[in-house]
Amino acid sequence: NKVSKNFIVSSVQDAIMTILPFILVSSIVTILSLINEIKSNFIKLDKISDYSFGIVGLGVAFLIAYNIMEKSKLADKKLLAGVTSLALFLMTIGPTTDNNGNITFIQERFGATGLLMAMIVGIFVGLVLRFFSKFSFFKEESLIPDFVIVWFDSLIPTTLILTIGLVCTDYLHFDIFNLIVVIFNPLTGVMQTFYGFVLICFIQVFLYSFGISPWILTPITYPVY
């Protein structure tokens, strides 16, 4: 109960639950697309899937940072946290820029492939903004409008977050996305085998036998699935 109520864990859970309709829409489209195996001229629905489940990484990156601010009672910074998280996520999924300034992204990194990266980015942004919320350029009795105070107080953490992303990707040429994939390959490798799948199902049922909802494992199991 203590773990499931942790603000980070609950923020990830809420983010996953929010994007669940996108996953369901994509599932329906996938089933309907099977009709193409029988009738080749059936309407193509792949684009719906590409822009529902195919972009869940974007949604999760925004929502986790947003939820962390919400649960930390920093609602005035939740939208900024979400947008900053989106910006960092886009920086870290390995876009390429040609001489004409055209930016190219790898589409699969927006979806399930980038879900784990989105979670890490969202948590990182949320924690940084949460930490800097303890400091302010203004006194509590200041007559300056609240939204202006939020702007100035968010300058340093937002700049720091994006600078870290810039240094890692452009100066150190460090592909954070690939690093995370390599680190979690053993986990996904085990869990995506027959025995690994049976193990995770057993753990869920075992917890349920004690009255503990297996949903608390959602942040672990969903990225792997």
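Further up the page is the structure itself.
Predicted model, so just to flag it, every value in this text is computed and none were measured. (Residues numbered from 1 in each chain as written. Predicted model: local features only at pLDDT ≥ 70, side-chain atom pairs only at ≥ 80, totals over all residues. Heavy atoms only, no water.)

### Details of the pattern of salt bridges
In a structure, side chains of opposite charge can pair up when their charged atoms sit close to one another. Stated precisely, the cut-off is as follows: One side-chain nitrogen of Lys or Arg within 4 Å of one carboxyl oxygen of Asp or Glu is enough to make a salt bridge. The secondary structure listing takes helices from DSSP runs of H or I that are at least 4 residues long and strands from runs of E that are at least 2 residues long, numbered from the N terminus. In this scheme, a residue with accessible area under 20% of its type's maximum is buried, one over 50% is exposed, and one in between is partly exposed, where area comes from a 1.4 Å probe on protein chains only.
Per the stated rule, a full pass over the model turns up two salt bridges. Of the charged contacts, one joins K71 and D14 as a salt bridge, the two residues approaching to 2.8 Å between their closest N and O atoms. One end of the pair, K71, is in helix α3 (residues 56–71); the other, D14, is in helix α1 (residues 7–33), and 57 residues separate them in sequence. You can call K71 partly exposed: its relative accessible area is 37%.

### Structural notes on the side chain of Q204
Here is the rule we go by: Contacts were defined at the residue level, with two residues in contact if any of their heavy atoms lie within 4.5 Å.
Mapping Q204 onto the fold places it in helix α9 (residues 194–208). Among residues more than four places away in sequence, those in contact with Q204 are P214, L217, T221 and Y225.

### As for the nonpolar core
Rule in force here: What is meant by a nonpolar core is a set of buried Ala, Val, Leu, Ile, Met, Phe, Trp, Tyr and Cys residues, joined one to another through side-chain atoms within 4.5 Å.
Membership of the largest hydrophobic core comes to 32 residues, with the highest contact counts inside it found for V60, I64, F89, M117, M119 and V125. Elements with a minimum of two residues in this core: α1, α3, α4 (78–92), α5 (115–132), α7 (155–171) and α8 (176–191). When neighbours within four sequence positions are excluded, F89 is seen to be in contact with G57, L58, A61, R109, F110, G114, M117, A118 and V121. Counting five residues, the second largest nonpolar core, distinct from the first, contains M191, I200, L207 and V224.

### Some thoughts on the side chain of S10
Residue placement: S10 occurs in helix α1. Using a relative accessible area of 11% as the deciding quantity, one classes S10 as buried. When near neighbours in sequence (up to four residues on either side) are disregarded, S10 contacts S4, K5 and K71.

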